[in-house]
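Coordinate inspection notes
Here are the chains, one letter per residue:
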Amino acid sequence: MDKTTDHPTPASFRVSDGAIRRLREIIDEQGEASATPPGLRVSVLAGGCNGFQYKFALETAIAPDDIVIPAGETHVIVDPASLDLLEGGELDFKNSLMGAHFTIRNPQATSSCGCGTSFSVD
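Residues numbered from 1 in each chain as written. Predicted model: local features only at pLDDT ≥ 70, side-chain atom pairs only at ≥ 80, totals over all residues. Heavy atoms only, no water.

On to the pairing of strand β6 (residues 89-96). Strand residues, when the strand is regular, have side chains that alternate between the two faces of the sheet. Pairing analysis gives three bridges linking strand β1 (residues 13-15) to β6, with the strands arranged parallel. Residue Arg14 lies in a different strand from β6, and its bridge partner there is Glu90. When β6 meets strand β7 (residues 99-105), the two strands line up antiparallel, connected through seven bridges. Directly across from Leu91, in β7, lies its bridge partner Ile104. The antiparallel pairing of β6 with β7 creates a hairpin that spans two residues between the two strands. (Pairing = 2+ DSSP bridges. Helix = DSSP H or I, 4+ residues; strand = E, 2+ residues; numbered from the N terminus.)

See below:
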């Protein structure tokens with residue numbers, strides 16, 4: 001990925017080793033070889049139980065203002081508005097009795113729902 005940007009450095013939002021491994025597994029399971037491999041788009045949307053909710057989607061499209069964060073052999077894509085709400089956070093993957101899912105450790109979240117997909121900030 002040869003994308004440079006004037007936005008915050010990728011260190012402002014990290015991707016854990018567990019998330020990198022799971023993302024690679026998901027992409028490999030898709031089995032589709034393409035010139036542009038998909039990345040995981042992480043977005044913050046209005047809604048959810050607490051005001052904001054996380055959204056995760058595999059995408060190949062990268063907008064000119066997107067921030068592309070290397071994640072092993074693939075990448076994570078975050079738009080600038082979402083990155084503002086994710087600053088200092090980390091994308092992780094949890095596999096527990098409650099289920100397997102991507103999750104965000106977000107130091108800006110002042111509260112979150114039980115499932116961890118929505119949060120609020122002050």
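This part is about the confidence of the model for the chain. Here the chain averages 80 in pLDDT, while 75% of its residues score no lower than 70. Across the chain, element-level confidence peaks in strand β5 (residues 74-78) with a mean pLDDT of 94 and bottoms out in strand β9 (residues 118-120) with 51. Taken as a whole, residues 1-9 scores under 50 in pLDDT and shows 14 contacts with residues more than four places along the chain or in a different chain. (pLDDT = per-residue confidence, 0-100. Contact = heavy atoms within 4.5 Å.)

Along the polypeptide, Asp92 turns up in strand β6. At a separation of 3.4 Å, a polar atom in the side chain of Asp92 contacts the side chain of Lys94. Once residues lying within four places of it in the same chain are set aside, the contact partners of Asp92 are Ser16, Ala19, His101, Phe102, Thr103 and Arg105. (Polar contact = N/O pair within 3.5 Å; in protein donor to acceptor, adjacent residues only side chain to side chain.)

Assignment of secondary structure puts Asp66 in the loop between β3 (52-59) and β4 (67-71). On the basis of relative accessible area, Asp66 is assigned to the buried category, the value being 3%. Within the local environment of Asp66, its side chain forms a polar contact with the side chain of Arg41, the two groups lying 2.6 Å apart. Within the structure, the side chain of Asp66 is placed 2.8 Å from the backbone nitrogen of Ala63, a separation counted as a polar contact. (Buried < 20%, exposed > 50% of the residue type's maximum accessible area, 1.4 Å probe, protein only.)

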